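What follows is each chain in one-letter form.
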Amino acid sequence: MMRGMGNMQGMMKQMQKMQKNMKVDQEKLDQTIFTGKSADDAVIVKFTGKREMKDIAISSEAVDPDDVDMLQDLVIMAVNDAMVKIEEETQKTMGKYTRNVPGF
């Protein structure tokens, strides 16, 4: 009976350690800056891992009053690029905690 209790305590310690590591990794991820770019770097955006935009740079060549649609497309392209990078890094960083866990 005591042997089972020792295993349970060991599992609880492992879970607590994993939770602490997850929190640290999530905080690092949240603070990481991800850069998204459109074609020819006409629009460059920067987001945190929390998906908060921190900066946007638009080149003067991208600004054409007669073609606002192009600028909008470039912004969308840059934002989507950043979102993909955030998602990939999130999966790489946090996915290790859900691999091989039933229900995930």
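As a convention, each chain's residues are numbered from 1 in the sequence order in which they are written. Under the rules for a predicted model, residues below a pLDDT of 70 receive no local features and side-chain atom pairs below 80 are neither given nor counted, while totals for whole chains, interfaces and linings still include all residues. As a rule here, side-chain values cover all heavy atoms of the structure and leave hydrogens and water aside.

**Side note on the sheet that holds strand E3 (residues 53–58)**
Within a sheet, neighbouring strands are paired by backbone hydrogen bonds and run either parallel or antiparallel to one another. Strand pairing follows a simple DSSP-based rule, namely that at least 2 bridges must link the two strands. Counting from the N terminus, the helices are the DSSP runs of H or I reaching at least four residues and the strands are the DSSP runs of E reaching at least two. Spatially, E1-E2-E3 is the arrangement adopted by the 3 strands of the open sheet, whose pairing is antiparallel. Pairing within the sheet leaves two strands with one partner each, and these edge strands are strand E1 (33–37) and E3. With direction set aside, neighbouring strand axes in the sheet form an average angle of 15 degrees. Note that strand E2 (residues 43–48) and E3 share 5 bridges and pair antiparallel. When the sheet's bridge partners are listed, Ile44 is paired in E3 with Ala57. Along the sheet face, helix H2 (residues 68–94) touches E1, E2 and E3 and points at about 140 degrees away from the line of E1. Axis lines are fitted through C-alpha atoms, for helices just across the contact stretch, and the angle between N-to-C directions can take any value from 0 to 180 degrees. Here, two residues are considered to be in contact whenever any of their heavy atoms come within 4.5 Å of each other.

**A short note on the pairing of E1**
Residues Phe34 and Gly36 of E1 are buried on one face, while the alternating residues Ile33, Thr35 and Lys37, pointing to the opposite face, are not. Where E1 and E2 come together, 5 bridges link them in antiparallel fashion. Following the sheet pairing, Thr35 is matched in E2 by Lys46. Per-residue accessibility, obtained with a 1.4 Å probe over protein chains only, is compared with the maximum for each type, and a residue is labelled buried under 20%, exposed over 50%, and partly exposed between these values.

**A word on a negative patch on the surface**
Judged by side-chain charge, Asp64, Asp66, Asp67, Asp69 and Asp73 come together as a negatively charged surface patch. Here Asp67 lies in the loop between E3 and H2. Patches here: salt-bridge-free residues with over 30% relative accessible area, like charges joined within 9 Å, nonpolar side chains (Val, Leu, Ile, Met, Phe, Trp, Tyr) joined within 5 Å. Accessible surface is estimated by sampling points in the Shrake-Rupley manner with a 1.4 Å probe; for residues, cover comes only from the protein chains shown. The term salt bridge refers to a side-chain nitrogen of Lys or Arg lying within 4 Å of a carboxyl oxygen of Asp or Glu. Asp and Glu count as negative and Lys and Arg as positive, but His and the ends of the chain are not part of the count. Positions of charges follow a simple convention, taking NZ of Lys, CZ of Arg, CG of Asp or CD of Glu.

**Some points on a nonpolar patch on the surface**
Together, Met53, Ile56, Ile58 and Val63 make up a nonpolar patch on the protein surface, roughly 330 Å² of accessible area in all. Within the element layout of this structure, Val63 appears in the loop between E3 and H2.

**Describing the pattern of salt bridges**
Taken as a whole and assessed by the stated rule, the structure comprises 5 salt bridges. Taking the shortest distance from any N to any O, the salt bridge between Lys96 and Asp25 comes out at 3.2 Å. Of the two residues, Lys96 is situated in the segment after H2 and Asp25 in helix H1 (residues 2–31); the sequence distance between them amounts to 71 residues. Residue Lys96 is classed as partly exposed on the basis of its relative accessible area, which comes to 45%. A salt bridge links Asp81 to Lys85, with the shortest nitrogen-to-oxygen separation between them at 3.3 Å. One end of the pair is Asp81 and the other is Lys85, both in helix H2 and 4 residues apart, which spans about a single turn.

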